[in-house]
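# Structural overview
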Amino acid sequence: MLKRPNIIFIVADDLGYADLGCYGGRHASFGAVSPHIDALAAGGLKLTQGYSNSPVCSPTRFALMTARYQYRLRGAAEEPIRTATRGNPDLGLPPSHPTLPSLLREAGYRTALMGKWHLGYPPHFSPLQSGYEEFFGPMSGGVDYFSHCGANGQHDLWFGEAERAQPGYLTDLISDYAVDYIDRMAAGAQQDTPFFLSVHYTAPHWPWETRDDEALSRELAENKQAIYHLHGGNVESYQRMIHHMDEGIGRLVERLKAHGLADDTLIVFTSDNGGERFSDNWPLVGGKMDLTEGGIRVPWVAHWPRVIAPAGESRQTCMTMDWSATMLEIGGAQAAADYPWDGQSLLPLLQDAAWHQDQPLFWRMNHRGQRAMRDGDWKYLRVDGVDYLFNLRADERERANLATVLPERLQAMVAAWEAWNASMPPIPGDATVSLCYTDADMPQR
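This text gives an overview of the structure that appears in the document. (Residues numbered from 1 in each chain as written. Predicted model: local features only at pLDDT ≥ 70, side-chain atom pairs only at ≥ 80, totals over all residues. Heavy atoms only, no water.)

### Side note on the overall build of the chain
This is how it is decided: Helix and strand assignments come from DSSP, with helices taken as H or I runs of at least 4 residues and strands as E runs of at least 2, each series counted from the N terminus. Only C-alpha atoms enter the radius of gyration, while the globule expectation follows 2.2 Å times N to the 0.38, with N the number of residues. Whether two residues touch is decided by their heavy atoms; if any such pair falls within 4.5 Å, the residues are in contact. Note on areas: Shrake-Rupley with a 1.4 Å probe; residue coverage comes only from the protein chains shown. Residues counted as positive are Lys and Arg, residues counted as negative are Asp and Glu, and His and the chain ends are not counted. Here the site of a charge means NZ on Lys, CZ on Arg, CG on Asp, or CD on Glu.
If you tally the helices and strands in the chain, you get ten helices and 14 strands. Its C-alpha radius of gyration of 20 Å places the chain within 12% of the 22 Å reference for a compact globule of 445 residues. By principal-axis analysis of the C-alpha atoms, the chain measures approximately 60 × 60 × 45 Å. A separation threshold of at least 6 residues defines the contact pool for the chain, and within that pool the share at least 24 residues apart is 72%. By element, 50% of the accessible surface of the chain is carried by carbon and sulfur atoms, the whole surface being about 15,900 Å². Measuring between centres, the 38 positive side-chain charges of the chain sit 1 Å from its 55 negative side-chain charges.

### Regarding the pattern of salt bridges
Threshold: When a carboxyl oxygen of Asp or Glu lies within 4 Å of a side-chain nitrogen of Lys or Arg, that pair is called a salt bridge. To sort residues, take the accessible area from a 1.4 Å probe on protein chains only and compare it with the maximum for the residue type: under 20% means buried, over 50% means exposed, and anything in between is partly exposed.
Scanning the model with the defined rule gives 31 salt bridges in all. Between Asp-272 and Arg-61 there is a salt bridge whose closest N-O contact spans 2.9 Å. In this pair, Asp-272 sits in the loop between strand E8 (265-271) and helix H7 (293-296) while Arg-61 sits in helix H2 (residues 57-66), placing the two residues 211 residues apart along the sequence. The two residues Asp-272 and Arg-61 agree in class, both being buried. Of the charged contacts in the structure, one is a salt bridge between Glu-396 and Arg-297, with a shortest N-O distance of 2.6 Å. Of the two residues, Glu-396 is situated in the loop between strand E14 (386-391) and helix H10 (407-422) and Arg-297 in the loop between H7 and strand E9 (300-303); the sequence distance between them amounts to 99 residues. Within the structure, one salt-bridge network assembled from shared partners comprises Glu-293, Arg-297, Lys-379, Glu-396 and Glu-398.

### Notes on the packing of aromatic side chains
Convention followed: Two aromatic rings, drawn from Phe, Tyr or Trp (for Trp, its six-membered ring), form a pair once their centres lie within 6.5 Å of each other, and the interplanar angle then sorts them: stacked below 30 degrees, edge-to-face above 60, tilted otherwise. Placement of a positive charge over a ring is assigned whenever Lys NZ or Arg CZ falls within 6 Å of the ring centre and within 35 degrees of the normal to the ring plane.
Overall, the coordinates contain 20 aromatic pairs when judged by the stated rule. Note on Phe-136 and Tyr-177: the rings are 4.1 Å apart at their centroids and 20° apart in plane angle, and the pair reads as stacked. Taken together, the residues span a long stretch of sequence, with Phe-136 in strand E4 (residues 134-137) and Tyr-177 in helix H4 (residues 170-190) at a distance of 41 residues. Here Phe-136 falls in the buried class, since its relative accessible area comes to 1%. An aromatic cluster is present here, built from Tyr-69, Tyr-71, Phe-362, Trp-417 and Trp-420 joined pairwise through their rings. Here the guanidinium or amino end of Arg-164 rests over the ring plane of Phe-159, the centre of that ring lying 3.6 Å away.

### Re the sheet that holds strand E11 (residues 361-365)
Note the cut-off: Two strands make a pair as long as DSSP finds a minimum of two bridges between them. Here an axis means a line fitted to C-alpha atoms, over the contact stretch when the element is a helix, while the angle between two N-to-C directions is reported on a 0 to 180 degree scale.
Pairing is antiparallel across the open sheet formed by four strands, whose spatial order is E11-E12-E13-E14. Looking at strand neighbours, the two that pair on one side only are E11 and E14, the edges of this open sheet. Looking at each pair of strands side by side, their axes are set apart by 10° on average, direction ignored. Where strand E12 (residues 370-375) lies against strand E13 (residues 378-383), five bridges are found, and the strand directions are antiparallel. Considered in E13, the bridge of Ala-372 is made with Leu-381.

### Side note on the side chain of Thr-326
Within the secondary structure, Thr-326 is located in helix H8 (residues 320-330). Ignoring sequence-local partners within four residues, the contact set of Thr-326 consists of Gln-344, Ser-345, Leu-346, Leu-347 and Leu-350.

### Focus on the sheet that holds strand E5 (residues 158-159)
Pairing is mixed in the open sheet, where ten strands are placed in the order E6-E5-E4-E3-E7-E1-E8-E9-E2-E10. Across the chains shown, the open sheet's two edge strands, defined by having one partner strand only, are strand E6 (162-163) and strand E10 (312-314). Where strand E1 (residues 6-12) lies against E8, seven bridges are found, and the strand directions are parallel. Paired with Asn-6 across the bridge in E8 is Thr-265. H2 contacts E1 and strand E7 (195-200) of the sheet and is inclined by roughly 170° relative to E1. The sheet contacts of helix H6 (residues 235-258) involve E1, E7 and E8, and relative to E8 the element is tilted by about 170°.

### Some details on unusual backbone geometry
The omega angle of the peptide bond from Glu-79 to Pro-80 is -5°, so this bond is cis rather than trans. Following the sequence through the fold, Pro-80 ends up in the loop between H2 and helix H3 (100-106). Unlike most non-glycine residues, Lys-224 shows phi in positive territory, near 55°. With respect to the helices, strands and loops of the structure, Lys-224 is situated in the loop between helix H5 (214-222) and H6. Here Ala-226, not a glycine, exhibits a phi torsion of approximately 50°, which is positive. With respect to the helices, strands and loops of the structure, Ala-226 is situated in the loop between H5 and H6. With relative accessibility at 19%, the residue Ala-226 sits in the buried group.

### Some points on the packing of helix H1 (residues 35-42) against H6
Keep this limit in mind: We call two directions roughly parallel when the angle between them is under 35 degrees, roughly antiparallel when it is over 145, roughly perpendicular when it lies between 65 and 115, and oblique otherwise. In this count, Pro and Cys sit with the nonpolar residues alongside Ala, Val, Leu, Ile, Met, Phe, Trp and Tyr, while Asp, Glu, Lys and Arg are called charged and the others, Gly among them, polar.
The N-to-C vectors of H1 and H6 enclose an angle of 55°; their axes lie 7 Å apart at closest approach. Considering the angle they form, H1 stands oblique to H6. Side by side, H1 and H6 meet where Pro-35, His-36, Ile-37 and Leu-40 of the first sit next to His-243, Asp-246, Glu-247, Ile-249, Gly-250 and Val-253 of the second. Each residue belonging to the contact of H1 with H6 can be placed in one class, and the counts come to five nonpolar, three polar and two charged.

### A look at the packing of H4 against H6
Where H4 contacts H6, the two axes come as close as 9 Å, and the packing angle between them is 10°. Here H6 runs roughly parallel to H4, going by the angle between their axes. Every residue of H6 that contacts H4 at Thr-171, Asp-172, Ser-175, Asp-176, Ala-178, Val-179, Ile-182 and Asp-183 is listed here: His-244, Met-245, Gly-248, Arg-251, Leu-252, Arg-255 and Leu-256. In terms of residue class, the contact of H4 with H6 is made up of six nonpolar, four polar and five charged.

### So, H1
Applied cut-off: What the arc describes is the spread of directions from the helix axis to the C-beta atoms.
The complete set of buried residues in H1 reads Ile-37, Asp-38, Leu-40 and Ala-41. Axial view of H1: buried residues confined to an arc of 155°, hence all on one face. As for H1, its buried residues are in contact with strand E2 (45-47), H6, E8 and E9.

Laid out in structure tokens, this is it:
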């Protein structure tokens, strides 16, 4: 029987599929963008066909927290939850719902979230009401890296359920608190009290601010732009933001090694959705808010020296909720009878990179009436009422629409998607879509 590992679940925000060196990303002017994440991939497992549950942030986080399709919860119908809904008692993760941290906590884990929450606001919702013992970070979808103010200009940095100021560059603060947590939990972990640590960076989400851009933060505030940095940014700043995050991840790994915990810690790294304005998604098309591959296919890296052989690579398809189910199985947690997991555990894959067992994956978006299904090498996509059929092994860029060439296959996938959709609650009529994102290269009429 496997010893239960510590688990660190690292989630970047709006990271592109090819932004990391281990996924083919290019060096920046300062050198390698993600050397520490690349090292985790080299020493562990990299998936090339992994997905997020949604192409936008808070819906994916509902799936991450519940190991279930996010469509089952009202709050996840928002694309995404907006700062303007602060105080809304319906738009958030219900404290009564079992979660990844609450179930692991019941199984004997210590739990903490350092970083972004984006699943509703106090007093109705918070990380501490959904299984985390400790929390540091913003409650909303995005904040300025220096002022820590959100899209409405209101300060949004929390310690538990207390809001208070803390000077510093947010990416570094998240890393600082995560490192401190590992130091404090190390003694217990050495005595068979494992910990589950969520590290949810806001990087590289806009505003496009590096460690050296505090003056830019003041300029945005003075011009009353909050975090809407629509006129700014560049690839260099974007790559530095990723590099700052990567440096923090390197610090986490160093502390695990210093405490003798590295071999018995599962580290999983991913993004909440596909990339944005300055992201590198090659060879994929589209980005955030899109059900084309660039909006939902994301990096998945797993590192656990005791179990995962180095230099592994897999074409296993999966999505966010599958990794949550994996962590729950590894941690010895059981699903609540009324809340069965939709996610499927990938533990066999961690033990053997050659293991492969695909299952159909489904998505839907209120935005542009999008729907998608992946089944093996095939993908069904609908955008603005137009149906597409792609063979992704032959055409990852989704350029050759086979809908009229293989109508029977298309209709079979349409029927399968319709049957799945009928098993989910309908999209509420009052659900909102945020359009404050950059346009992406979507299939057009």
